[in-house]
Amino acid sequence: MAAFKAPKGTKDVLPEQSYQWQFLEARIREIVKKYGFLEARTPVIEHTELFLRGVGETTDIVQKEMYTFLDKGERSITLKPEGTAGIVRMFVENNLFADAQPTKMYYLYSPTFRYERPQAGRLREHHQFGVEFFGSSKPTADAECIAVASELLTSLGCDGLTVRLNSIGCPACRPHYHEALKAYLREHYDGLCETCKVRLETNPLRVLDCKVPSCQEIANGAPAIGDHLCGECREHQAALLELLDGMGIRYEIDPRLVRGLDYYTKTVFEITSENIGSQSAVCGGGRYDGLVEEIGGPHTPGVGFGLGMERLLLVLENTGMQIEKPVRYDLYIVSMGQEAEKRAFLLASELRKSGAKVEIDHVGRSVKAQMKYADKIGARHVLVLGGDELANGEAKIKRMSDGTETNTALNAEHILKNIV
RNA sequence: GUGGGUAUAGCUCAGUUGGUUAGAGUGCCUGGUUGUGGCCCAGGAGGUCGUGGGUUCAAAUCCCACUACUCACCCCA
């Protein structure tokens, strides 16, 4: 039993598996570049107040899931529980709204913390890739965000995924809907679960996706947001759907999709997988036209999403997708004796200057053991360096895939030619 | 926060109605070549049986508590 363990809900990425993350990150950068999103990096910690305002005081995230503490200067600090609030703070603090709009940013491997009970696909620290698109109220912005997520997932060959979307209205129409919904829920008050009785007043939308059967039944008969959208919201959604259709992106309209963050307006969407257990959302996002103002900036529309990288990796794993392991070594130099050991080291040093990936013996193994080790670590070629080779200035290079040997002079230039 | 499951070698797991030095596979190290990988064979190292208590002549095994892991609720990436 190890003396120390990683804190509950955190996960190490072992050296043997980091290539998977690097592959994902490279693929993401490739895609995002085509749309002109630029990478932004914000602190892991923010003032707690930012999330109270941004995410919303009545949300579960704020009420029970944040890692909040007082620093030595008595400031209340919180480990970021989601990606958007920090980006918005940066947008406002640096007056990015004063630039020509839109402002298109993404973040990658952004550590995100929520104090929850871990389970399949749910950690206390996970990492998000996300995109934020500021300064456009047009549905083309929503569509680009969804396109980025969708392109990433399809380029990886993921299947079993569903894009679900909905509109939850805007300040013009949502209050009317809230009233209609509250009125309806009050009529069915006795049938609601205890949390929903509270939610009815604080955040009635959330009652719609309550999983308690009795609440679901009531929710099924509730007035639908779709029927209460104002003209603008209606048109916005129709235009977005048209763009998605045009791109051939399949989606489902889910009138019960509401999401747990308060800042969303109009478009909300999720991409869920049927292969990763009950925590099925791989990607979630939407439009947040009031958020920049809420954080103290000028009115600026925005839309974006967060995508859970651990969950994405889970999808790939569970659907049998293999990420190709990169070649670690082009050449392993087996050495026998002190002279050869020294020579192997210097030869490796020369070869590395030319970009070759080279390894030598560092633990004093026998020749046979060095061969075995070279095979195990996936060296593509092996060169044996002993008394004969040192004397002749020549050696054989063995290609491990088929065992063929070629002669080479003992200098970097010649060796390089034989290990390509 | 609530509920279920699990905990034995680095890893995946056996372990009989409670019985003497706790096993397998795999991985690791060594040997079968005097200087050559994969397959095969032989040997070796490696275990406070999650922790603490209890029952018993005797506990990996039965009982209790705790902890960790895990799955689900909730919520979400």
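The sections below set out a description of the structure shown in this document. (Residues numbered from 1 in each chain as written. Chains lettered and ligands numbered in written order. Predicted model: local features only at pLDDT ≥ 70, side-chain atom pairs only at ≥ 80, totals over all residues. Heavy atoms only, no water.)

A closer look at the protein's contact with RNA strand B
Taken together, 48 residues form the shell around RNA strand B, and within it R114, K211, R259, G260 and M400 come nearest. A breakdown of the atoms of RNA strand B within 4 Å of the protein gives sugar and phosphate a share of 49%. Within the side chain of R117, a nitrogen or oxygen atom sits 2.9 Å from a base oxygen of RNA strand B. Between a sugar or linking oxygen of RNA strand B and a main-chain N or O atom of C283, the distance comes to 3.2 Å. Put simply, the parts of the chain that give the surface near RNA strand B at least two residues each are β6 (125-134), β10 (281-287), β11 (302-308), α13 (367-376) and α14 (387-392). Among the elements that take part in the surface near RNA strand B, α13 stands out by supplying seven residues, more than any other. Looking at side-chain class alone, the surface near RNA strand B contains 13 nonpolar, 14 polar and 21 charged residues. (Near = heavy atom within 4 Å. Polar contact = N/O pair within 3.5 Å; in protein donor to acceptor, adjacent residues only side chain to side chain. Helix = DSSP H or I, 4+ residues; strand = E, 2+ residues; numbered from the N terminus. Nonpolar A, V, L, I, M, F, W, Y, C, P; charged D, E, K, R; others polar.)

Thoughts on the pattern of salt bridges
Evaluation of the coordinates by the stated rule reveals 23 salt bridges. Between D254 and R164 there is a salt bridge, with the nearest N and O atoms lying 2.6 Å from each other. Of the two residues, D254 is situated in the loop between β8 (252-253) and β9 (265-273) and R164 in strand β7 (residues 161-167); the sequence distance between them amounts to 90 residues. Close ionic contact of E339 with K342 constitutes a salt bridge, the shortest N to O distance being 3.8 Å. Of this pair, E339 and K342 are both found in helix α12 (residues 337-353), three residues apart, which corresponds to roughly one turn of the helix. With relative accessibility at 52%, the residue E339 sits in the exposed group. For K342, a relative accessible area of 52% puts it in the exposed group. Three or more residues joined by partner-sharing salt bridges are found here, namely R164, D254, R259 and E270. (Salt bridge = Lys/Arg side-chain N within 4 Å of Asp/Glu carboxyl O. Buried < 20%, exposed > 50% of the residue type's maximum accessible area, 1.4 Å probe, protein only.)

Some points on helix α6 (residues 174-187)
For α6, built from 14 residues, the straight-helix expectation of 20 Å at 1.5 Å per residue is met to within 8% by its first-to-last C-alpha distance of 20 Å. The inward-facing, buried residues of α6 contact α7 (194-202), α8 (213-220) and β9. (Expected span 1.5 Å × (residues − 1). Contact = heavy atoms within 4.5 Å.)

Examining the sheet that holds strand β2 (residues 45-47)
Taken together, the three strands give an open sheet; going across it, the order is β2-β4-β3, and neighbouring strands pair in antiparallel fashion. Only two strands of the sheet have a single partner each, and these edge strands are β2 and β3 (68-70). Sheet twist, expressed as the mean angle between neighbouring strand axes with direction ignored, is 35°. When β2 meets strand β4 (residues 76-79), the two strands line up antiparallel, connected through three bridges. (Pairing = 2+ DSSP bridges. Axes fitted to C-alpha atoms, helices over the stretch in contact; angles between N-to-C directions.)

Quick look at the packing of helix α1 (residues 18-35) against helix α11 (residues 309-318)
Relative orientation of the contacting elements α1 and α11 amounts to 105°, with a least axis distance of 11 Å. In terms of orientation, α1 lies roughly perpendicular with respect to α11. Here α1 contributes Q20, W21, L24, E25 and I28 to the contact with α11, which in turn contributes M309, E310, L312, L313 and L316. Of the residues in the contact of α1 with α11, the class split is seven nonpolar, one polar and two charged. (Parallel < 35°, antiparallel > 145°, perpendicular 65-115°, else oblique.)

Quick word on the nonpolar core
V88, F134, L185, L192 and L208 are the most contacted members of the largest nonpolar core, which has 49 residues in total. The leading source of residues in this core is helix α4 (residues 84-93), at six residues. If near-sequence neighbours (up to four positions away) are discounted, F134 is found in contact with I87, V88, F91, Q101, P102, T103, M105, Y288, V292, T300, P301 and G302. (Core = buried A, V, L, I, M, F, W, Y, C linked by side-chain atoms within 4.5 Å.)

A look at the pairing of β4
Where β3 and β4 come together, three bridges link them in antiparallel fashion. For F69, the partnering residue across the bridge sits in β4 and is I77. What sits between β3 and β4 in their antiparallel hairpin is a turn of five residues, with E74 showing a positive phi close to 70°.

Comments concerning the packing of α1 against helix α5 (residues 139-155)
It is the contact of α1 with α5, at a shortest axis distance of 10 Å, that shows an interaxial angle of 145°. Classified by chirality, the crossing of α5 by α1 is right-handed. Mapping the contact onto sequence places R27, I28, I31, V32, K34 and Y35 in α1 and E144, A147, V148, E151, L152 and S155 in α5. Looking at the contact of α1 with α5 residue by residue, the classes come out as seven nonpolar, one polar and four charged. (Left-handed = near helix turned anticlockwise from the far one by under 90°.)

Things to note about unusual backbone geometry
With glycine set apart, most residues show a phi of negative sign, and most peptide bonds adopt trans. Of the consecutive residues Q101 and P102, the connecting peptide bond is found in the cis state with omega at 5°. Secondary-structure assignment places P102 in the loop between α4 and β5 (103-113). Residues other than glycine seldom take positive phi values, yet E74 does so here, at roughly 70°. Tracing the backbone through its elements, the reader meets E74 in the loop between β3 and β4.

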